[in-house]
Amino acid sequence: QVQLVESGGGLVQPGGSLRLSCAASGFRFSWLAISWHRQAPGKERELVASINTADGTNYRDSVKGRFTISRDNAKNTVYLQMNSLKPEDTAVYYCKAYIPVSNTDYWGQGTQVTVSL
C-alpha cells in the first residue's frame, strides 16, 4: 500500500511562490505516476499537474508557465513549484499516486494553499 504525505502549503501573497512536496512510501517510487489535484470550497476537485514514470508532464491550462512538477526518485518525492500565485489558486492541494500495473490510486491527506493579501 502506498502512503503519501504532502507538505509545503501555507499563506502567500499574490505573485508569490510556494513549493509543495509529496513524499511517497510503501511502493517502488519509480513505478508510480504522480499527480497534483486541488479542491477549492464549493468546487470539484481538479487535476493541476501530473508526471509519469518516464518524467512526462502535463498541466492544466490555467497553471501552464507558472507551475512546474518534478520528481526525485532518489528521495521518493514529487514537487510542485508554484510561482506567480493568484487568489484563484487558493485550494487544498492533494497528491495522488497511480500504479499503472494494477490501475490503483492512492491519495494524500492534502495541504492548504491560500493566496491572499
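For the structure, see preceding data.
In this report, we go over the structure that sits alongside the text.

Quick look at the sheet that holds strand S3 (residues 18-25)
If you walk across this open sheet you meet the four strands as S1-S3-S8-S7, and the pairing is antiparallel. Two strands in the sheet have a free side with no partner beyond their single neighbour: strand S1 (3-7) and strand S7 (67-72). Within the sheet, the average angular offset between the axes of one strand and its neighbour, ignoring direction, is 15°. Looking at chain direction, S1 and S3 are connected through five bridges and run antiparallel. Paired with Gln3 across the two strands is Ser25, which belongs to S3.

Side note on the nonpolar core
The biggest cluster of nonpolar side chains holds 30 residues, and the ones touching the most others in it are Trp36, Leu80, Met82 and Tyr93. Counting residues per element, the ones that place at least two in this core are S3, strand S4 (33-39), strand S5 (46-51), S7, strand S8 (77-82), strand S9 (91-99) and strand S11 (111-115). The residues touching Met82, leaving out its near neighbours within four places in the chain, are Gly16, Ser17, Leu18, Leu20, Arg66, Phe67, Tyr93 and Val113.

A short note on a nonpolar patch on the surface
On the surface, Phe27, Trp31 and Val101 cluster together to form a nonpolar patch covering roughly 340 Å² of accessible area. Relative to the assigned elements, Trp31 resides in the loop between S3 and S4.

Some points on the pattern of salt bridges
Scanning all chains against the criterion turns up six salt bridges. Its salt-bridge partner being Asp61, residue Lys64 comes within 3.1 Å of it at the nearest N-O pair. Judged by relative accessible area, which is 63%, Asp61 ranks as exposed. A salt bridge links Arg66 to Asp89; the shortest N-O distance between them is 2.8 Å. A residue pair is termed long-range when its members are at least 10 positions apart, and Arg66 in the loop between strand S6 (57-59) and S7 and Asp89 in the loop between S8 and S9 qualify at 23 residues. Under the relative-accessibility criterion, Arg66 is labelled buried at 10%.

With respect to the environment of Thr53
The residue Thr53 is located in the loop between S5 and S6 in this model. Accessibility expressed as a relative area gives 41% for Thr53, which makes it partly exposed. Placed 20 residues apart in sequence, Thr53 and Ala33 show a C-alpha to C-alpha distance of 5.5 Å. Setting aside anything within four residues of it in sequence, one finds Thr53 in contact with Ser30, Trp31, Leu32, Ala33 and Arg71.

Scoring rules and cut-offs
- Residues numbered from 1 in each chain as written.
- Predicted model: local features only at pLDDT ≥ 70, side-chain atom pairs only at ≥ 80, totals over all residues.
- Heavy atoms only, no water.
- Pairing = 2+ DSSP bridges.
- Helix = DSSP H or I, 4+ residues; strand = E, 2+ residues; numbered from the N terminus.
- Axes fitted to C-alpha atoms, helices over the stretch in contact; angles between N-to-C directions.
- Core = buried A, V, L, I, M, F, W, Y, C linked by side-chain atoms within 4.5 Å.
- Buried < 20%, exposed > 50% of the residue type's maximum accessible area, 1.4 Å probe, protein only.
- Contact = heavy atoms within 4.5 Å.
- Patch = residues over 30% accessible without salt bridge, like charges linked within 9 Å, V, L, I, M, F, W, Y side chains within 5 Å.
- Areas by Shrake-Rupley, 256 points an atom, 1.4 Å probe, with all protein chains shown as cover.
- Salt bridge = Lys/Arg side-chain N within 4 Å of Asp/Glu carboxyl O.

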